[in-house]
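Here's the letter readout for the chains.
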Amino acid sequence: MTVAAVLTAAGSGSRLGHSLPKALVSLGGQSLVAHAARNLLAARTAGDRHVQTLVVTAPAEHVAAVSDALAHLDVLVVPGGPTRQASVAAGLAALRSAPGSEDISVVLVHDAARPLAPPSLIARVVDAVLSGHHAVVPGLPVTDTVKQVEPGGPVELVVATVPRADLRAVQTPQGFSWELLSRAHATFAADADHESSAASDDAGLVERLGERVWVVAGDERAAKITTPRDLAVATLLLEADG
Ligand code: CTP
Ligand code: MG
């Protein structure tokens, strides 16, 4: 019974707009992917479980650079795919052929785009899977009022106000029983090649299977870095933390 993880870092970061892939961009002197990998490997559950095998997906042409950025950590770097779903599938395939794969019972999927997700959050997700919840996502209450609209045009018609109390904004890492996530990716493999059909998160694939997904408390520190503003905010928070 071991815990493994796939860390996705194969995106280009087009909205961040750097010449480097987003995972290699520096946050306080360390790359985003190095922060995320360090936090994953530091997590300890109540029963002292930790991530024993970590696979990182890198852009195909940057595998060496990502390996260099993680040279101080015990990780395996593999090329990702054309979508996030395809990259996770590539990471799962690498886990399957890694030594000790027959002992994997829990798998986390995490994004390098959430570099400061703290070890306490990561452990909470693993603990929830170990307590019998086969698909677990961290989520935070939604604080904005949310309107559903008829999309299109500079002025859009409001169709409904969505009851906010029932909504959660979900984060990563997401945690799964190894069997369930493997089955979800195998079932929907044909959707992985195109952004239009691929799932934006792994829990979505589990939902498509008709299996239950559970939410545990998220953490503001697991915020996603998408835009230059997000990176600036993360830099300030890291400095404030000391
Ligand atoms: N990702 C990946 N493989 C892809 C696309 C995305 O592994 N083909 C990863 C990213 O590296 C990131 C996570 O999925 O850690 C979430 O994606 P996102 O925040 O959208 O990152 P990018 O796709 O790199 O950014 P953008 O969409 O702005 O280009
Ligand atoms: Mg993207």
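Residues numbered from 1 in each chain as written. Chains lettered and ligands numbered in written order. Predicted model: local features only at pLDDT ≥ 70, side-chain atom pairs only at ≥ 80, totals over all residues. Heavy atoms only, no water.

K.L.:
Help me understand the pattern of salt bridges in this model?
P.N.:
Working definition: two side chains of opposite charge can pair if their charged atoms are close together. Counted under the stated rule, the structure contains six salt bridges. Linking D111 and R84 is a salt bridge whose minimum nitrogen-to-oxygen distance equals 2.9 Å. Separated by 27 residues along the polypeptide, D111 in strand β6 (residues 104-111) and R84 in helix α3 (residues 84-96) bring together distant segments of the chain. Since its relative accessible area comes to 19%, R84 is described here as buried. Among the ionic pairs, E211 bridges to R183, the shortest N-O distance being 3.5 Å. Here the residue E211 occupies a position in the loop between α6 (202-208) and β12 (214-217), and R183 occupies one in helix α5 (residues 178-187), the gap between them amounting to 28 residues. E211 sits in the partly exposed class, given a relative accessible area of 33%. Residues joined by salt bridges that share partners form a network here, namely R84, D111 and D202. (Salt bridge = Lys/Arg side-chain N within 4 Å of Asp/Glu carboxyl O. Helix = DSSP H or I, 4+ residues; strand = E, 2+ residues; numbered from the N terminus. Buried < 20%, exposed > 50% of the residue type's maximum accessible area, 1.4 Å probe, protein only.)

K.L.:
Sorry, what's going on with the site of ligand 1 here?
P.N.:
As a structural note, the neighbourhood of ligand 1 is formed by 19 residues, with T8, G13, S14, S87 and K224 the closest of them. Within the backbone of T8, one N or O atom sits 2.8 Å away from an oxygen atom of ligand 1. S14 is positioned such that a nitrogen or oxygen atom in its side chain is 2.6 Å from an oxygen atom of ligand 1. Here ligand 1, which alone exposes 570 Å², has 86% of that area covered by the protein. Of the residues belonging to the shell around ligand 1, the class tally is five nonpolar, nine polar and five charged. (Near = heavy atom within 4 Å. Polar contact = N/O pair within 3.5 Å; in protein donor to acceptor, adjacent residues only side chain to side chain. Areas by Shrake-Rupley, 256 points an atom, 1.4 Å probe, with all protein chains shown as cover. Nonpolar A, V, L, I, M, F, W, Y, C, P; charged D, E, K, R; others polar.)

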